[in-house]
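Chain residues, written in single-letter form:
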Amino acid sequence: MPSADRSVRGRIIDCLPQCCAAGCFLLALTVTAALTGQWCWLPNGYNSYALQADAWLHGRLDLGQDYPWLELAIYQGRYYVSFPPFPSIALLPFALFLGPNTPDGIISVLFSLAGVWTCVSIARRCGNGSVLAVLATLCLYLGTGYLFIGLTPGVWFFAQTLCFNLCVFALYFALTVRGGLSLTCWACAVGCRPMVILYLPALLLILWRSYRLKHPRDSLLSAVRKHLHWALGPLFFGGVYMLLNVCRFGNILEFGHNYLPEFQREAQGQFSFSYLADNVPMLFRLPVWDPETHAIRFSPFETYLLPLMNPLGVYAAALCCKNAISSRERQERTLCRQLLAMTAVYIIILCCHRTLGGWQFGNRYLKDVMPFLFFGLCQANARKKSHAPLAMIAAWSIPLHLIGTVATWNYWW
């Protein structure tokens, strides 16, 4: 019995960093909600995914009517949700009993808390101490703009919140050699934000590295043969996405965005290289000093200077760049190069989009790359003993995003 008590006590102590990070995030979320009125249990007026799930349960692929305040695709006179469908799939059990009044905000908060817990676990498994693991995780969730999208379950933010945390889960399961769960979480994330498909090679390399530590004698071919069942989840969800796309729009790759009125009005459509010239400078935009009010003005639209709004991402990319050049381990060099290359490709594609996120505080679209850069940071940071870089990032970025999120909701909404 004494040994059992020590074992339980040891497990509790082992979970303290995760509990600390989750508690800090929940406290920040509560304070922000109290200052803005954006409580997670309030009705969600921008509930496209819940409306879609309810329509499916009533035998319809379209919504049956127009909701003018939502971004809906109009195809052959019918109104469809224009976003990838996984969030609606996740809401189906709730819509079965609650109709379109699903608890999107509560689900979003639960995903966030699970993601915070998992990020601390990833950092510690990569060799970071408890303090560094908690600090890095809080910088990720409170100092990159995630708080802004995690605060409310509106259709634009709900999918991104799910995608962000599903990518975190996929990385953790790859690190712990649970390939089926890892690839399934990745497939679910693709069903929220399709561009994260770019990071599949990096995810597979992480899974392979972790697998080789447990099974050093297995070749890649033998590992694939043993674990073909790991592909069942991605194949299932990929098949569901393509079937829905064909049934709705007659194209396996069309989720509906090309049928949004705002993109149909644009001669260049949703994506075009012609948008690069305007969008790239947006990534380096500075706030403006207003001489009349003697205040710094942040526009609530589009993006700002990356080192200003997301120093953690810049620091993580710098560490990945260093490891890509100087790491003694070949697979680690390859992983860092993949992370950097895919992030660069992601940013280029992003800058070819007509907008860079619309109404927001920070760089909303760039949140999708952060779980992967965070993983690269955890790998590189394990060799560092100093807390100073992350402490300085936290001291700048967390207050900035707390204040900016409150100001955006209260004054620019």
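Residues numbered from 1 in each chain as written. Predicted model: local features only at pLDDT ≥ 70, side-chain atom pairs only at ≥ 80, totals over all residues. Heavy atoms only, no water.

A. Summary view of the overall build of the protein chain. Looking only at helices and strands, the protein chain has 19 helices and four strands in total. A globule of 413 residues ought to have a C-alpha radius of gyration of about 22 Å, and the protein chain, at 22 Å, matches this closely. Taken along the three principal axes of its C-alpha coordinates, the protein chain extends 65 × 60 × 50 Å. Pairs at least 24 residues apart make up 72% of the contacts formed inside the protein chain by residues separated by at least 6 positions. Both charge centroids of the protein chain, one from 30 positive and one from 18 negative side chains, sit 17 Å from each other. (Helix = DSSP H or I, 4+ residues; strand = E, 2+ residues; numbered from the N terminus. Rg over C-alpha atoms; globule rule 2.2 N^0.38 Å. Contact = heavy atoms within 4.5 Å. Lys, Arg positive; Asp, Glu negative; His and termini not counted. Charge placed at Lys NZ, Arg CZ, Asp CG, Glu CD.)

B. Spotlight on the packing of aromatic side chains. All chains considered together, the criterion is met by 29 aromatic pairs. Look at Y75 and F249: their rings are 5.5 Å apart centre to centre, the planes differ by 70°, and that puts the pair in the edge-to-face class. A residue pair is termed long-range when its members are at least 10 positions apart, and Y75 in strand β1 (residues 72-75) and F249 in helix α12 (residues 232-249) qualify at 174 residues. Both residues of the pair, Y75 and F249, count as buried. Ring centres of Y146 and F164 lie 4.7 Å apart, and the angle between their planes is 45°; on these two criteria the pair is classed as tilted. Placement of Y146 in helix α7 (residues 146-150) and of F164 in helix α8 (residues 155-175) is noted, with a sequence separation of 18 residues between them. With respect to class, Y146 is no different from F164; both count as buried. Each residue in the set Y46, F148, W156, F157, W359 and W409 is aromatic and connected to the rest through ring pairs, giving one cluster. We note R285 situated over the ring of Y304; from NZ or CZ to the ring centre the distance is 4.5 Å. (Phe/Tyr/Trp six-rings, centres within 6.5 Å; stacked < 30°, edge-to-face > 60°. Buried < 20%, exposed > 50% of the residue type's maximum accessible area, 1.4 Å probe, protein only. Lys NZ or Arg CZ within 6 Å of the ring centre and 35° of its normal.)

C. Highlighting the nonpolar core. The biggest cluster of nonpolar side chains holds 126 residues, and the ones touching the most others in it are F86, I122 and Y141. Top element by residues in this core is α8. It accounts for 17 residues. If sequence neighbours within four positions are ignored, Y141 has contacts with F25, S112, G115, V116, C119, Y146, L147, F164, N165 and V168. (Core = buried A, V, L, I, M, F, W, Y, C linked by side-chain atoms within 4.5 Å.)

D. Layout of the pairing of strand β2 (residues 78-81). One ladder, built from four bridges, connects β1 with β2; its direction is antiparallel. Across the sheet, the residue bridging to L72 is V81, located in β2. Once β1 ends, the chain turns through two residues before running back antiparallel as β2, passing Q76 with a positive phi of about 50°. (Pairing = 2+ DSSP bridges.)

E. Focus on a nonpolar patch on the surface. Side chains of L57, F94, L96, F97 and L98 sit close together on the surface and give an oily, nonpolar patch of about 530 Å² of accessible area. Within the secondary structure, F97 is located in helix α4 (residues 86-98). (Patch = residues over 30% accessible without salt bridge, like charges linked within 9 Å, V, L, I, M, F, W, Y side chains within 5 Å. Areas by Shrake-Rupley, 256 points an atom, 1.4 Å probe, with all protein chains shown as cover. Salt bridge = Lys/Arg side-chain N within 4 Å of Asp/Glu carboxyl O.)

F. View of the confidence of the model for the protein chain. The share of residues in the protein chain with pLDDT of 70 or more is 97%, and the mean pLDDT across the chain is 91. Averaged pLDDT values for the elements of the protein chain fall to 66 in helix α1 (residues 2-14) and rise to 98 in helix α9 (residues 179-190). (pLDDT = per-residue confidence, 0-100.)

G. Broad picture of the pattern of salt bridges. Taken as a whole, this structure holds six salt bridges when the rule is applied. Close ionic contact of R60 with D62 constitutes a salt bridge, the shortest N to O distance being 2.9 Å. Overall, D62 belongs to the buried group, its relative accessible area being 6%. The partner of D368 in a salt bridge is R193, with the nearest N and O atoms 2.9 Å apart. Taken together, the residues D368 in the loop between α17 (330-351) and α18 (370-381) and R193 in the loop between α9 and α10 (200-214) connect sequence positions 175 residues apart. Given the relative accessible area of 2%, D368 is considered buried. Classification of R193 as buried rests on a relative accessible area of 19%.

H. The arrangement of helix α6 (residues 130-142) in detail. In a regular helix each residue adds 1.5 Å, so 13 residues correspond to 18 Å; α6 covers 18 Å between its end C-alpha atoms and thus fits that length. Those residues of α6 that fall on the buried side of the exposure criterion are L132, A133, V134, L135, A136, T137, L138, C139, L140, Y141 and L142. (Expected span 1.5 Å × (residues − 1).)

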